[in-house]
Amino acid sequence: MISDELLRAIRNDLPMRVTIRRLGRQGPPAKQVEGYYRFLCPGCGELRATVNPRNNLAHCFSCGQNFNNIDLLMSLGYDFLAAVECLEPWLQTHQEHRTRQE
Ligand SMILES: [Zn+2]
């Protein structure tokens, strides 16, 4: 059973840069540009999908599409459930790290 709270946390609380680092070679190429984290847009193939740090949502300034963590995994061929099952433990690990640093 997937709760709304879990989906919210996966979208908002797991930084997209953490997801992309975890995906490794499976994930899109990414880099930090002028303080913004950018990755190769799954929609158009330009390195212009830029993560908004306030809402953890990526917006592509080339084709205009938006991506959250779940969208990103689905663009790699995961179905919705598989994406959630993949992201949930990454979210938990991320939250544990953060708690330990505080
Ligand atoms: Zn694009």
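Note: the structure precedes this text.
Rules of the game
Residues numbered from 1 in each chain as written. Predicted model: local features only at pLDDT ≥ 70, side-chain atom pairs only at ≥ 80, totals over all residues. Core = buried A, V, L, I, M, F, W, Y, C linked by C-beta atoms within 7 Å. Buried ≥ 20, exposed ≤ 12 C-beta atoms within 10 Å, placed from the backbone. Helix = DSSP H or I, 4+ residues; strand = E, 2+ residues; numbered from the N terminus. Contact = placed C-beta atoms within 7 Å. Axes fitted to C-alpha atoms, helices over the stretch in contact; angles between N-to-C directions. Parallel < 35°, antiparallel > 145°, perpendicular 65-115°, else oblique. Nonpolar A, V, L, I, M, F, W, Y, C, P; charged D, E, K, R; others polar.

1. Section: the nonpolar core
Part 1: Core analysis: the biggest nonpolar cluster contains 16 residues, and Met16, Ala49, Ala58 and Leu87 have the highest contact counts within it.
Part 2: If you list the elements that add at least two residues to this core, you get α2 (16–23), β3 (49–52), β4 (57–60), α3 (69–75) and α4 (80–101).
Part 3: With three residues, the top contributor of residues to this core is α4.
Part 4: Not counting chain neighbours up to four residues away, the residues in contact with Met16 comprise Tyr37, Val51, Asn56, Ala58, Asn69 and Leu72.

2. Some details on the packing of helix α1 (residues 4–12) against α4
Part 1: It is at 10 Å that the axes of α1 and α4 come closest, and there the two elements cross at 75 degrees. Between α1 and α4, the angle is such that the two are roughly perpendicular. On α4, the residues touching Leu6, Ala9 and Ile10 of α1 are Val84, Leu87, Glu88 and Leu91.
Part 2: Residue composition of the contact of α1 with α4, grouped by class: six nonpolar, no polar and one charged.

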